Amino acid sequence: MTGWLRRHRSILVIVLGTLVALAVAVALGAPPTNSAAHDPQNPGATGAQALARVLADEGIEVDIVRSADALETRTLDRATTVLVTSPDNLGRSTASRLLTAAGESTVIVAGPGPGATEALGIDAAPLGDPVSEPRPARCTDTGHGDLSGLAIQVDRADAFATTAGCFPAPSGWLLASASDRLVLLGAPGVLENDQILRADNAAVALRLLGQQPRVVWYVPSLADLVGNDGVSLRSLLPSWLVPSIWLLGLVMAAVIWWRGSRLGALAVEPLPVSVRSLETTQARGRLYRAASERAHAALMLRRATRRSLAQHLRHPSTATDVLIRDVATRLGRPASDIDQLIGDAASAPGSDDELIRLANQLAELDREVRRT
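Reading guide: rules and limits
- Every residue gets a number counted from 1 within its own chain, in the order that chain's sequence is written.
- Where totals are concerned, whole chains, interfaces and linings use all residues; where local detail is concerned, this predicted model gives features only for residues with pLDDT of at least 70, and gives and counts side-chain atom pairs only at 80 or more.
- Excluding hydrogens and water, the side-chain figures rest on all heavy atoms present in the structure.
- In the cavity and pocket records, a cavity denotes points on a 1 Å grid over the protein atoms alone where a 1.4 Å probe fits but cannot get out, a pocket denotes an open set with protein on both sides within 12 Å along at least 5 of 7 lines, and lining residues are residues with an atom within 4 Å of a point.
- Grid points are joined across faces, edges and corners, and a volume is the space filled by probe spheres set on the points.
- Secondary structure elements are taken from DSSP: a helix is a run of H or I of four residues or more, a strand is a run of E of two residues or more, and numbering for both begins at the N terminus.
- Residue polarity follows a fixed list, in which Ala, Val, Leu, Ile, Met, Phe, Trp, Tyr, Cys and Pro are nonpolar, Asp, Glu, Lys and Arg are charged, and the others, Gly among them, are polar.
- Put simply, buried Ala, Val, Leu, Ile, Met, Phe, Trp, Tyr and Cys residues joined by side-chain atoms within 4.5 Å make one nonpolar core.
- The rule is simple: take the accessible area with a 1.4 Å probe, protein chains only, and divide by the maximum for that residue type; under 20% is buried, over 50% is exposed, in between is partly exposed.
- A contact between two residues is defined here by any heavy atoms of the two lying within 4.5 Å.
- Each salt bridge in this description consists of a side-chain nitrogen of Lys or Arg and a carboxyl oxygen of Asp or Glu lying within 4 Å of one another.

Enquirer: What's the story with the layout of surface pockets in this structure? I'm lost.
Expert: If a probe as big as a water molecule is rolled over the atoms, it shows which places are left empty. Estimates place the volume of the largest pocket at around 520 Å³. Around the largest pocket sit 16 residues that line it, and Gly-285, Tyr-288, Ala-297, Leu-301 and Leu-355 are the ones nearest its centre. Of all the secondary-structure elements, those providing two or more residues to the lining of the largest pocket are α10 (277-290), α11 (294-313) and α14 (352-371). Each residue belonging to the lining of the largest pocket can be placed in one class, and the counts come to seven nonpolar, three polar and six charged.

Enquirer: Honestly, the nonpolar core in this entry has me stumped. Any pointers?
Expert: In this structure, Leu-51, Leu-83, Leu-147, Phe-167, Leu-174, Leu-175 and Leu-191 are the most contacted members of the largest nonpolar core, which totals 34 residues. Secondary-structure elements contributing two or more residues to this core are α3 (49-57), β3 (106-110), β7 (157-159), β8 (165-169), β9 (172-177), β10 (182-185), α7 (201-209) and β11 (214-218). The element that contributes the greatest number of residues to this core is α7, accounting for four residues. Apart from residues lying up to four places away in sequence, Leu-147 is in contact with Ala-137, Cys-139, Cys-166, Phe-167, Leu-175, Val-204 and Arg-207. Grouped together as the second largest cluster of nonpolar side chains are 23 residues, Val-82, Leu-90, Trp-173 and Ala-176 included.

Enquirer: I tried to follow the pattern of salt bridges on my own but got confused; where do I start?
Expert: Should their charged atoms come close, side chains of opposite charge can pair. As enumerated under the stated definition, the model contains 15 salt bridges in all. Ionic pairing is found between Asp-129 and Arg-135, a salt bridge with its closest N-O pair at 3.1 Å. The buried category is assigned to Asp-129, whose relative accessible area is 9%. Note that Asp-155 is salt-bridged to Arg-198, the shortest N-O span being 2.7 Å. Residue Asp-155 is found in the loop between β6 (151-152) and β7, and its partner Arg-198 is found in the loop between β10 and α7; the two are separated by 43 residues along the sequence.

Quick look at the structure:
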């Protein structure tokens, strides 16, 4: 094998070099892609690469911008449409920079959530609206181009309660005019690769973005945000949630006060009297006798004896074998006899007389050890 490699070494070098060159060429020649929803370089189902390519084929310049700094370097005028995707990455500072940089351009925000609308200063929270059937335009605002006769159909959409827009819904408009130059697209599915051919989605997307010869496709970046920029859990929650929590807390406090007041004033009672230990021992013995728990009573007596002996002889309370051996040595008695008295494996008494005899033997054993 080594000889074959030596003879064909040059061929192997050429083949490996060719493979490396092909890999480099493929890596450098492949267009950049990502998996962000509605991204112009995302070829996946939720991407918008198909729309970006169709716009370019129609002669419209598509300029992809991925940072606020880059957006501010672009020249934006009336001949430019600014499309904002991934709007939940906007904060108060980046939204302000967007509106300032846009100037007289028309800004279309695709799929803004509660945080994005708040950052943009729009008092219209998104409200979910199913679009299971094609929804006709019925525009009340002619600033969106000629959308008459067209209909859209997407998997899900949000409506915005503004004064004008297109594609009406029970709670607002799926394409809402927030101001003269700011448009909210609550049905961003019209941009997606797998939904653009449904109903008239493709025509709606092209007419929205094809009104001007240039489209600046702005994908905000979280890296542009500054401290306390408004992108937080609270900014993503609907505006009615916090007042509702306060109201619920007040209602709960009122119910607690109402139920508590029905109980009346607290009754003051004397504390329980103290009971002597002898009475407690006698009462427990009567309970054991009533339940015929001689085995348990014997176990408690043996444990108490072991504890007393261990304290006197300064042994760990858990070292039963050592304790038995030491007691037997001190008393000069066989260890088996001591084990039958205080060991865990000792036989249980079969009658009350045997239990009394065991108690006397344990007391005598304790006295003998203490005398030594």
